[in-house]
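Observations on the model geometry
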Amino acid sequence: MNKYYLGIDLGSTTSKAVIIDENDQIIGRGITNTRANYKVAADIAREEAIYDARFTLLSNIIKTDMEAKPEFKKYMEDIRTVFQYQQFKRRMEILEEKLVKTSEAFPYPNKNEIIDRLKSILNVIRPQIRHEFVHGGLGSKNQFFRDIVSERYNLEVAKAGKEFYEPLMLAFDKSITPVENEMVQYNFKELILESMKVLEEKYKGLADEQEDGSKEDWYYAELNAVRNNYKNVELSLREHFELVAEQEIHIANMVGTGYGRALLPFPEECIKSEILCHAFGAHAVFPNTRTVLDIGGQDTKAIQVDSHGLVTSFHMNDRCAAGCGRYLGYIADEFGISLNELGPEAMSATKETTICSTCTVFAGAEVKELIHNGEERPNILAGLHKAIVQRAMSLIARSGGVKNEFTFTGGVARNQAVLKYVKQMVTESYGEVTMNIHTDSIFMGALGGAMFARRNVTAALPA
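The present account deals with the structure reproduced in this document. For every chain, the first residue of the written sequence is number 1, and numbering continues from 1 along that sequence. Under the rules for a predicted model, residues below a pLDDT of 70 receive no local features and side-chain atom pairs below 80 are neither given nor counted, while totals for whole chains, interfaces and linings still include all residues. The basis for every side-chain value is the complete set of heavy atoms in the structure, and neither hydrogens nor water enter the calculation.

**Points about the packing of helix H11 (residues 339–347) against helix H14 (residues 416–430)**
Where H11 contacts H14, the axes come no closer than 7 Å and their chain directions differ by 50°. One way to sum up the angle between H11 and H14 is to call them oblique. Residues Gly343, Pro344, Ala346 and Met347 of H11 form the contact with H14, whose own contacting residues are Gln416, Ala417 and Lys420. Charged residues are taken to be Asp, Glu, Lys and Arg, nonpolar residues to be Ala, Val, Leu, Ile, Met, Phe, Trp, Tyr, Cys and Pro, and polar residues to be all remaining types, Gly included. Per-class residue counts for the contact of H11 with H14 are four nonpolar, two polar and one charged. Working convention: axes come from line fits to C-alpha atoms, limited for helices to the stretch in contact. Angles between N-to-C directions cover 0 to 180 degrees. Helix and strand definitions here come from DSSP, where helices need a minimum of 4 consecutive H or I residues and strands a minimum of 2 consecutive E residues; each element is numbered from the N-terminal end. Comment on the angle field: the value is read as roughly parallel under 35 degrees, roughly antiparallel over 145, roughly perpendicular from 65 to 115, and oblique elsewhere. Contact between two residues is taken to exist if any of their heavy atoms lie within 4.5 Å; hydrogens are not considered.

**As for the nonpolar core**
Core analysis: the biggest nonpolar cluster contains 37 residues, and Ile295, Ile331, Leu381, Leu384, Phe406 and Phe408 have the highest contact counts within it. Every element with two or more residues in this core is listed here: strand S5 (289–295), helix H10 (325–335), H11, helix H12 (360–372), helix H13 (377–399), strand S8 (405–409) and H14. Per-element tally for this core: the top contributor is H13, with eleven residues. Residues belong to one nonpolar core when they are buried, are Ala, Val, Leu, Ile, Met, Phe, Trp, Tyr or Cys, and are joined through side-chain atoms within 4.5 Å. Here's how the labels work: a residue is buried when its accessible area is under 20% of the maximum for its type, exposed when over 50%, partly exposed in between, all with a 1.4 Å probe on protein chains only. Residues Met92, Ile114, Tyr153 and Val157 belong to the second largest nonpolar core, which totals 28 residues.

**A closer look at the sheet that holds S5**
An order of S7-S6-S5-S8-S9 is seen for the five strands of this open sheet, with the pairing classed as mixed. One side of each edge strand has no neighbouring strand; the edge strands of this open sheet are strand S7 (311–316) and strand S9 (435–436). Whether two strands pair depends on DSSP finding at least two bridges between them. As judged from the five bridges shared by S5 and S8, these two strands associate in the parallel manner. Pairing of Asp294 across the sheet is with Thr409, part of S8. Docked against the sheet, H13 engages S5, strand S6 (300–305), S7 and S8, running at close to 30° with respect to S6.

**Thoughts on the side chain of Lys301**
Secondary-structure assignment places Lys301 in strand S6. Think of a polar contact as two N or O atoms within 3.5 Å of one another; within protein, one of them needs to be a possible hydrogen donor and the other a possible acceptor, and neighboring residues in sequence only count if both atoms come from side chains. There is a polar contact of 2.7 Å between the side chain of Lys301 and the side chain of Asp294. Looking at Lys301, its side chain comes within polar contact range of the side chain of Asp299, at 2.6 Å.

**Some thoughts on the sheet that holds strand S4 (residues 251–257)**
The four strands are arranged S3-S2-S1-S4 in an open sheet whose pairing can be described as mixed. Two strands bound the open sheet, and with one partner strand each, they are strand S3 (26–32) and S4. Adjacent strand axes in the sheet meet at a mean angle of 15°, parallel and antiparallel pairs treated alike. Looking at chain direction, strand S1 (residues 4–10) and strand S2 (residues 15–20) are connected through six bridges and run antiparallel. Across the sheet, the residue bridging to Gly7 is Val18, located in S2. In the packing of helix H15 (residues 444–455) onto the sheet, contacts are made with S1, S2, S3 and S4, and the angle to S1 comes to roughly 140°.

**Some words on the packing of aromatic side chains**
For Phe, Tyr and Trp, where Trp contributes only its six-membered ring, two rings pair if their centres lie within 6.5 Å, and the inter-plane angle classes them as stacked under 30 degrees, edge-to-face over 60, or tilted in between. In this structure the tally under the stated criterion is 13 aromatic pairs. Look at Tyr51 and Tyr186: their rings are 5.9 Å apart centre to centre, the planes differ by 65°, and that puts the pair in the edge-to-face class. Highlighted residues: Tyr51 in helix H1 (residues 38–61) and Tyr186 in the loop between helix H6 (162–180) and helix H7 (188–205), separated in sequence by 135 residues. You can call Tyr51 buried: its relative accessible area is 6%. Following the ring pairs from residue to residue traces out a cluster consisting of Tyr51, Phe55, Phe83, Tyr186 and Phe188. Charge over a ring is defined by NZ of Lys or CZ of Arg lying within 6 Å of the ring centre and within 35 degrees of the ring normal. Over the ring of Phe452 we find Lys272, and its NZ or CZ is 5.4 Å from the ring centre.

**Focus on unusual backbone geometry**
Even without a glycine there, the phi angle at Asp24 is positive, about 65°. Relative to the helices and strands, Asp24 is located in the loop between S2 and S3. Phi at Asn404 is positive, roughly 45°, even though this residue is not glycine. By the element assignment, Asn404 lies in the loop between H13 and S8. A relative accessible area of 54% means that Asn404 is categorised as exposed.

**Side note on the environment of Phe172**
For Phe172, the location among the structural elements is in helix H6. Of the residues examined, Phe172 reaches a relative accessible area of 5% and is grouped as buried. For the pair formed by Phe172 and Leu95, sequence separation is 77 residues and the distance between their alpha carbons is 8.9 Å. Residues within four places of Phe172 in sequence aside, it is in contact with Leu95, Leu99, Arg146, Val149, Ser150 and Tyr153.

**Re the side chain of Ser103**
Inspection of the secondary structure puts Ser103 in helix H3 (residues 70–104). Its relative accessible area of 0% is what places Ser103 among the buried residues. Not counting the four nearest positions on each side in its chain, Ser103 is found in contact with Lys111, Ile115, Leu118 and Ala171.

As C-alpha cells, this is what we get:
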C-alpha cells in the first residue's frame, strides 16, 4: 500500500491541507475559509485535499494520453472545474434552504414579500454561477464559497429596493456562517458521473462555436479535439474512475501547524511551529531560498533559513494585525467589497495616500477620515497595501535582510497590489535579487508540515 503524508496549516482566516507521497511530491491540496469551528475547518481542508489527490492519481494513470492528446488534457481540466461546481451546488442547496428558514423567522410585516424577493434573487444567481463554473472556469479562480455567492447576491440585493435591503442582507449574514461550518460529505464517484453529464451538455453546445480569432490558436486546437473526441475520452476515463474512487489514501503520518495548531486533535509530537513549516515548505520548492516572508491572516513573519531549510533567525510582528491578512479583511468589510476585489482596485490607483497608523482600529479611523475628505477609494487602498509591505520590510531588515533568493509565502501573496509593493521595495532596498512567488504560496506551511511528517524529525526554532 502506498503511504502518504498530511500537513494541515490551521490559520486564522483560512485552513490548508497538503498531501505528499514518499517522494515529497504534492498529490493533493485543500483549502477552506471556514473558521468558526477549527475541527471542522481541518476536516474540510483534509477532505478537499483527498478529492484533489484522487484527480492527481487519475492524471498520473492517463499521463501518456494527456501528453499526447489535447482532448485528454482539456477534458481533465474541465471535469475538475465541473466537479468543484457539483460540490458548490450541494452547499448552495443547503444555503438556499437556510436563507428561506432565516427569512421565515423574521418579524417584518412584509415577510412574505421578502421571501419572494429572496427566491427571485436565488433564481437569478443560481444559473449565473453554474455558467461561470462550467464555461468560465470559476473553479480555477481560487474563490471561496462565501465570496462566490456574496458578490452576486449583493449585486441583486442592491437592485431589489431600499425596503428589502436590510432584511435580505441580514438573512445572508445569519445564514452563511453556519452553512460554511457544516461538514458536507461528497461521493467522489457520484460527483464524477454527474460532472460527465454536464460536460456532455457543454461539448454538444460547442458544435457551432466559430473561430473568430479572439483567442489563442491552442484554445481552438484543444476545443476542436475535445468536441470531436470527448466520447472516446469519457469511455477511457470510466475504466479508471472507479479504481481511483475506491483507492485508499493511506495517511501514514501527519503534522499540524498554523495559528490555531494547538486546537488540532493531533498528538503533541505532531504539532510544529508555523515558522518552521513555512520555511521548510518554501525551501522545498525553491532550494536556493535563504529569506522567506510570510504574510498570513494573523501575523507576518520574516525568516532566514540555511541550506537545509532550517530556520536560523526570524522576526514577527509584535503589535496588532495591521500588517496581515485579517487587516485586509477588515478593510474589505469597511468598503463593502470582497477580498478578491481589494488588490485589483488598489492597482488602479493614481497615487498612494499615506496611512500612518500601525493599529487596525486607528488605521480604520484614518481611512474613514480620508473617505470623508473625498479621497478616491483606489488611492486609499493603494496606501493601505503599501503600508502593509512597509511594515513587512522592517521585519525583514530586523531578521537579517534579504539574502540570496527571496520567497514570498502566505495567502496575502495572492494579492496583486501587495506583490507589486514587495517587488518594488525589495529591489529598492537590496538590489536585483531572485524573487520566488509560487502559485502554491498559500500552501507552503501545510507543505512544510507534510514534509516534517514524512521525515518524522524533531526541529526547533533558534533561541
